[in-house]
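Inside the fold
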Amino acid sequence: MSPAVAVQLPYFDEIIERLDREPDSSLAVAFKQNVHWGYYVEPGTADDGMAGYIEAAKEMTRQVCRAAGVADGQRVVDVGCGFGGAIAHMDATRSDCRFVGLNFDARQLGVARRLVTPAASNEVRFVAGDACALPFADRSFDVMTALECIFHFPSRSRFLEEVRRVLVPGALLAITDFVLPAVFADHKDDLVAAHRSGSDFYGSNAPPITGAEYRSVAAAAGTECIEDRDITAQTVPTYAAMRRLYHEARILNGVRATYELDEARKRGLLEYHLLVFRVP
Ligand SMILES: C[S@@+](CC[C@H](N)C(=O)[O-])C[C@H]1O[C@@H](n2cnc3c(N)ncnc32)[C@H](O)[C@@H]1O
């Protein structure tokens, strides 16, 4: 199946090329499982090198899975699953589960299938598809995670409508996203223009929305945003770690794009949130 989405993700092109060509390089090792911002438990004294980033990226996965309430015996779907880092974590810590990782990029799914060997009592599948047209039956999952990918999707609201359709009543979805601080809600047009003029290394992204907009988009899609946690402070060392990784790999667009995001963060224009939605 070839999902009908045409999204350019230059950062994944670079990472996949390094995984193939230089599997022992810092970049390939750092992004072997998780490809998202790190959650640094003690950001003030954090190691912003490769080892510190790998541990922080795992911690972000733990935080999201915990917020979603992933438990033994569930049917779990991780949307925008990358190389399967979240599925690998859940598979290693849960039993009697049926896990599905979904991605529109066949290359990433190939890496994920090689990475994850299911634990004895679990079932793991990696499936091609678009987050906004999920190839699953109504009410077929008990819980969903989607780490740092919703801004790539064709529409946040369409995705949340799909969440409502494929999850059972009472189920939770936990995500992370870059969020626009509430104070800028009235200047959104200027900020969106600035967002569009930035580097395209991190791909075609929807502009960030505020927490209040999240609550109304969720409500319109028939879900409820029950938690909105600003974890910007815990992600800060990620910027230095990523800049160094891209610098060492001589990927200058990556250095520049990460620098731009860090500048927006420092100017208070961008926060990083963990959000949880509940299907009524
Ligand atoms: C920053 S990466 C995060 C990957 C993974 N969730 C992780 O945390 O390691 C964003 C992911 O979203 C996926 N993605 C982007 N648009 C998508 C779509 N429309 N449907 C499914 N996956 C999508 C990308 O292929 C990529 O794997």
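Structure's up top.
This report concerns the structure included in the present document. (Residues numbered from 1 in each chain as written. Predicted model: local features only at pLDDT ≥ 70, side-chain atom pairs only at ≥ 80, totals over all residues.)

**Observations concerning the overall build of the protein chain**
What the protein chain contains, in helices and strands, is 11 helices and 7 strands. Taking 19 Å as the expected radius of gyration for a compact globule of 280 residues, we find that the protein chain reaches 18 Å, a close match to that expectation. Each of the three principal axes of the protein chain carries a C-alpha extent, and together these read 45 × 40 × 40 Å. Out of the 280 residues in the protein chain, the part that is buried amounts to 43%. At a minimum sequence separation of 6, the contacts of the protein chain that also span at least 24 residues come to 75%. (Helix = DSSP H or I, 4+ residues; strand = E, 2+ residues; numbered from the N terminus. Rg over C-alpha atoms; globule rule 2.2 N^0.38 Å. Buried ≥ 20, exposed ≤ 12 C-beta atoms within 10 Å, placed from the backbone. Contact = placed C-beta atoms within 7 Å.)

**Some thoughts on the site of the ligand**
Near the ligand you find 22 residues, and of these G80, G82, L147, C149 and H152 are the closest. Of the residues in the shell around the ligand, the class split is 11 nonpolar, 8 polar and 3 charged. (Near = placed C-beta within 6 Å. Nonpolar A, V, L, I, M, F, W, Y, C, P; charged D, E, K, R; others polar.)

**Here we look at the pairing of strand β3 (residues 123-128)**
A regular strand places its side chains so that they alternate between the two faces of the sheet. Looking at chain direction, strand β2 (residues 98-103) and β3 are connected through 6 bridges and run parallel. The residue of β3 that forms the bridge with L102 is V127. In this fold, β2 hands off to helix α5 (residues 106-115), which returns the chain to β3; that crossover is right-handed. (Pairing = 2+ DSSP bridges. Right-handed = clockwise from strand over helix to strand, strands pointing away.)

**A look at the environment of R243**
One can find R243 in helix α10 (residues 237-248). Every residue in contact with R243, bar those within four places of it in the chain, is listed here: V255, T258 and Y259.

**Description of the nonpolar core**
Judged by nonpolar contacts, the single largest core of 84 residues is most densely connected at A68, M144, V163 and L173. Beyond its immediate chain neighbours, meaning those up to four positions away, L173 contacts A68, M144, A146, V163, L167 and F277. (Core = buried A, V, L, I, M, F, W, Y, C linked by C-beta atoms within 7 Å.)

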